[in-house]
Every structure is written in structure tokens, then in C-alpha cells.
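Breakdown of the fold
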Amino acid sequence: MNRHIAGTERKTKNLSHLVIVESPAKAKTIEKYLGKDYSVVASVGHIRDLPKSKLGVDVDNNFEPKYENKKDKAALIKELKKDAKASDIVYLATDPDREGEAISWHLAHVLGISPDAPVRVTFSEITKSGIEAGMSHPRTLDMDLINAQQARRILDRIVGYKLSPFLWKKVRRGLSAGRVQSVAVRLIVDREQEIESFEAQEYWSIDAKLLSASSRRAFPAKLTEVKGEKFKALNKEETDKVLAMLENGEFIITNIKNSTRKKTPAPPFTTSTLQQEASRKLSFNARRTMKAAQELYEGVEIPDMGAVGIITYMRTDSLRISDEAKAAAAQMIESTYGKEYLPSKPRVFKSKNNAQDAHEAIRPTIITLTPEKVKSALSGDQYKLYKLIWERFMASQMENQLLDTKAVDITCGECLFKANGYTVKFDGFTKLYEESKDNDEEEGGALPALEVGEKLKVKELTGNQHFTQPPPRYTEASLIKALEENGIGRPSTYAPTIATILDRHYVEREAKQLKPTSLGIVITDLMKGHFERIVDAKFTAQMESDLDKIEAGKADWVDVLGKFYTGFDKMLTKAEKDMEGKRVKIPDEPTDIVCDKCGKPMVIKIGPYGKFLGCSGFPECKNTKRIVNETGGLCPHCGGKMLAKKSKKGKPFFGCENYKDCNFMTWDTPLEDKCPKCGSTLFKKVGKQGQVYCAKDGCGYVRPADEDKKNEN
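Keep in mind the model is a prediction, meaning the values are calculated, not measured.

Calculation rules
Residues numbered from 1 in each chain as written. Predicted model: local features only at pLDDT ≥ 70, side-chain atom pairs only at ≥ 80, totals over all residues. Heavy atoms only, no water. UniProt positions renumbered as here; feature names shortened; annotations may be inferred. Helix = DSSP H or I, 4+ residues; strand = E, 2+ residues; numbered from the N terminus. Buried < 20%, exposed > 50% of the residue type's maximum accessible area, 1.4 Å probe, protein only. Contact = heavy atoms within 4.5 Å. pLDDT = per-residue confidence, 0-100. Pairing = 2+ DSSP bridges.

**Overview of the UniProt feature "site: Interaction with DNA" (unreviewed entry) in the protein**
The sites that UniProt annotates as "site: Interaction with DNA" (unreviewed entry) are His46, Arg152, Arg153, Asp156, Tyr161, Trp168, Arg315 and Arg504. Across 459 residues, the annotated set is spatially dispersed, with a maximum C-alpha separation of 34.5 Å. Of note, Asp156 is situated in helix H5 (residues 143–170). Asp156 gets classed as partly exposed once you look at its relative accessible area, which sits at 29%. If you trace the backbone, Trp168 turns up in helix H5. Apart from the residues lying within four places of it in its own chain, the contact partners of Trp168 are Arg173, Gly174, Leu175 and Arg583.

Structure follows, in C-alpha cells:
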């Protein structure tokens, strides 16, 4: 085996092999499978990057990047060089994607490895078979992948480093713009403007509750036609006229259509759909989802097995599944649920046209490792996410759900009502898992036995007023879906993009919804006015497509950057000229709080660290205060007010206002109720079944949660 370190000679004895990955956890798992002849070490991400203090890109010389060794990696680089020099061959085994390929390329440069050396290995799963497959097929570095990553990095650097100073001059220091983040903020701002400009339209429905002779339970029916035309009433007067037509009329069944409907399972997860479903079902933000997924991929300690990666690579937009995995799933389904739960042939899910098919969909690596078998070895987040991935994958390989549906036409004079219902004929994949939706509305349920010609009794006939609703604000799940549908960013960019726009205070969370701040609106309006292409979804999607072409070897990365930069530089020059001598003010939010120094009203401002209260008399009065959210409860330790706060990761908790002198804090919610035993504030434990208790030392009062529910009822 040839040595691939420049300036050294091949050893003939005591061959040693060095494998470099990104993560220490991944290194530990892989080393277990490779054995004593291999040493596996971690680069802990990138060891080289563009400089922090300057652009680092020569835009006049084919966009040549000026990479530097990262200062915080100096000691690690020294160790890697030492390890490489002592080894006969160095394998570069970073993640199997653009970013991983680029990290390997930088490692090769720093360690003096020939770019033509076949030392690049990739693992789609960190299992014995996955590692053996990867190590048996070493290849040279893929320059198309590397150039696609370089182009993205340089694009983002140009936009960030050229636009950010413009925002500092025209709005406020410390702001930033980004090629993907600015489009994401625009989507949220545009949606908010749609909501604000929305004018609700009144409309009415006529709904009946009808009784059949065969059942005591009334079933619902809705008026759909009047005199052969679709029923549409815009006010009460129109509705009352139709109700008068129906008064004392006979409701007769004129048609019944019975059919069977198939419901197919959702495909296994891609990165995007995993983030969406984890948001909807587990209330995980995208960053939390990807952290747990990374840990499951890199390896966890399983009893009697040691460290093993229990899911496949988690950055993928492919729906492909290996034949081996399909066969293992089929065997597991048949033995667990029965042969009737297996489809007649394995399912094939079609990936989107622009999907990168280098990896499989996200699935468990060892099908027989059920969530319950590994629960004790996983953290709470790891277990919840693994359960979601395992169940989704297994369900994707199961038989369809079958529904017996019934559509009933009911006439009353010249009016037609319709009733729809269904019963489950065969549960199929839903025995294990059902995909959630942003708007879960499944109409119907079982209808009673009905016959054509049957006369029905009217239990209730009402006209109901409705108003059209504005589009909902984005949640993390629906924003990720919108970014993916619009071709903005890649699966690996969604989590950091959302984290960035929240950290920059361009967007804030209200419950699960994403709402733009006044700062986000100002920045977006400025960008739309002067850098329309940067915040245009179609233009950003085209750039993403160009990056994919670079990766596929169908476009030159320097040409792509050149076309972008020519237009961008013109935009920037024009914006500088148009905005010369002008600044944009971030509007303040008025409050009822009075400044305790000058008596003027306080306003809510947005600074680099978020919202705060400032005096409206600024700059004459520079008084500022933290915004505190009082809960109404009092601290059980010192009697101070209990305040609602958020951790650095955005998780809500509660703490005493006298923080420096009193360190009481809790995840549990303070209630307005007082303890009947000692009079202190009561707290409710986290979770649906959380009991109510008194936190006062020595009290011990506890009230079961179900007692609260009885009181509510």
C-alpha cells in the first residue's frame, strides 16, 4: 500500500492506518469496528476557513479564497500532523456530503496529502457493515463536491461581508444579512403583512343534525346546493330565507355511495421532513432535532453491542432505501404484526427531481433495535427522535390502511344536503404510525345504517356564521416546508438559518409561531428596496440550482460566482448612492410604563441582545430597563416576584426577580392559586399529568392533576 503523505518514504513493516473524522463520538464508534491496526482521530469540524477579520476572497482573481488555519485548532493541527507522519496511510472519513468533502480537502492540504491519492472514504451508516463497505472503496477527493461547497461559502461570505457594513451604516451596528437567512425573514415578514392587510369576509353555512330510524345518535349533514346551484350565503338574511324554505320539510335519502379508500403511508424521513415532523409531534426546534440525529448517527453505547450508529446519515433529501433494509423490515413486520401487514411488493418512493441521491433516506441501521430495546441507552431527546424515525420507516414498509367510505345525498324540497362518513376496514400502517399535518382535519366518522328513500328526523337545523381566516403565521415546520418547496437552501442549512434569524432578533417565537420583529421588518423593507434579487425566492432558488450543477460537474464554480457578483456589485453601488446621508430608524413599541427618572413613557427597543425598555426621552434621558414578565406568583424562598424567562436555547423557565440574592428557579409553572396549607404560591409540574405542589420548604402540600381537571369540569 502506497504512503500518501508528501515528503516521506514508504514503510515496509508495522503498517499503521490513520482515519480522520469530524466528531470525537464518531471516532470512538468507528475505532471499535476497525481494530488495533487503525487509529481514528477527530478534526472537530473544519481546520481551515476564510479569515474572520476580512473578506478573504480575491474577487478580481477568479474569486480565489484566502484560507487560513483556524487559530483555535493550532494544537490539534500539530497533533494531526504528528499522527499523519507516524502513519503509513491516512484515510479521510469526514461526513458524506459537500461540507464533509471540503473538510477532507482542507485536511489533505494541511497534512500534505496528494489530491490524487485514493484516501477518501465515506460511511452512510456507522455500523460494522457500513464501515466495511466504506473502507473497501476508497476514492480520490471529489473536486465537484468541493467546488460546490467553496462556491456556497464564497457566495455567503460576499453577501455577508459586503451587505453587513451597509446595514451598519444605514440602520445599526451588529446587523447581518445572508443569502438564505434574508429570504427566510422575507417569507415571515410577507406573511405577517398578508395577515395585517387581510379583510375577513362573512359567510354562512346551514348544518343539520339528523336521526335515522336505526340509530339514536344524530349524524351531521351540510347544505351544499339550493335549486341546483352551489349554496353560498354571505349574511344572515340570505341564510334565513333558505332556513324558511327548509322549515317543516321532509329530509329524504336520495343516494348512497359506498366505496373503499386506500390511505398510503408517508415515505421515510428526509432531513426536511424529519425536522417538520419533530416540530409538530415533539415540539423540537430544527437545531434540537439535528443535534439528536447527529448523535444517533455517530454512535451511542448500546448494552452488549458497544458504540454503534443506530440511524443512517441524517443529511439527505433522498427517499431511496437499500434492498437489505427493505428485506429486514419485511421480516420484522411479518413476525411482529402478521403477513397481512406486508404489501404485496416492497414500496418504492420517488425522490424529488433535484434530490441528491448519494444517501438513503433516514432510517434505523439495525431494524431489530426497536425503540424500547434501546430506550435505556438513550437520552430523552435521542429516544423520542429514534422512536419517530423507527416508526416512520417501519410504517413506510407496511400495507395501506383501508377505509369503507359512505357518501349520502339527502334532499329537502329543492335543497341538497350531503353527509360523509367512514369506518376503518383494515388499519394497516396506522397500527404503528400516522403522519401529522399542520392542519389535521379528518372529516367524518361512522354513519349509522341508512337506506335510499328513508325519511330522516331533524334534531337540529341551524345557520352558522363564519368568517374567512387570514393565512397562519409560519411555524418552524411550515417555514422549513416553504423553504424546501421554493428550493431555498439545502436540508443541512434549515436549522442554522432558523437559529440565525432568531438569534439576530429579526424574528421571535410566539408559542410555536414565528413573528417578525420591527427590526426584521425594517431590514426586509430595506433589502426589498435596494437588494431585491437577494431576497427574491426565485433568484435564490436559481443560485441553489447552480450550486447543484457545480456538484454534478455541469457548471464552473468561478463562472457561477462571476455572474452573481457582477449584478450584486452594481446593486450595492447603486444602494450606497441612493442611501447617501440617510439612515433608517427602527420603530419603537409604545408601553404604559413610565420612566422613573424623567416621567416620560418607556418604549420597547431592540438591541443586539434582544428587546429592552428605553426612555422615549432618549438621548436626553438614557434610562433603560430589562423587560420582565411577571407570573403573578411569588418566590417560595424570599417572597420576590416570579418572572417568566427563557434559557439560551429558548426553553421557558421561571426565576425569582431577586436573582443575585436568591437563586430559586424552576421549570414548573407558578400558579395564581395559594397553598391551602401555608399560603405560598403553588406550582404545576411540567407535563400533561403534572401535579400541583407547594415549593415552600417544610410544607409538602401536593394536589393531583386529575383533581384540577375535576374542578374544571
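**Considerations on the confidence of the model for the protein**
A residue-level look at the protein finds 94% of positions with pLDDT of 70 or above and a mean pLDDT of 90. Confidence drops under pLDDT 50 across residues 1–15; counting only partners more than four residues distant or on other chains, this segment forms 33 contacts.

**A look at the pairing of strand E7 (residues 89–92)**
Residues Ile89 and Tyr91 line one face of E7 and the alternating positions Val90 and Leu92 line the opposite face, and both faces are buried. One ladder, built from four bridges, connects strand E1 (residues 17–21) with E7; its direction is parallel. By the bridge assignment, His17 is partnered in E7 with Ile89.

**Here we look at the sheet that holds strand E27 (residues 669–674)**
Reading across from one edge, E27-E28-E29-E30 is the order of the four strands in this open sheet, with antiparallel pairing throughout. Looking at the sheet topology across the chains shown, the edges are occupied by E27 and strand E30 (702–703). Summarising the sheet, strand E28 (residues 681–684) and strand E29 (residues 692–694) pair through three bridges and their orientation is antiparallel. Following the sheet pairing, Lys684 is matched in E29 by Val692.

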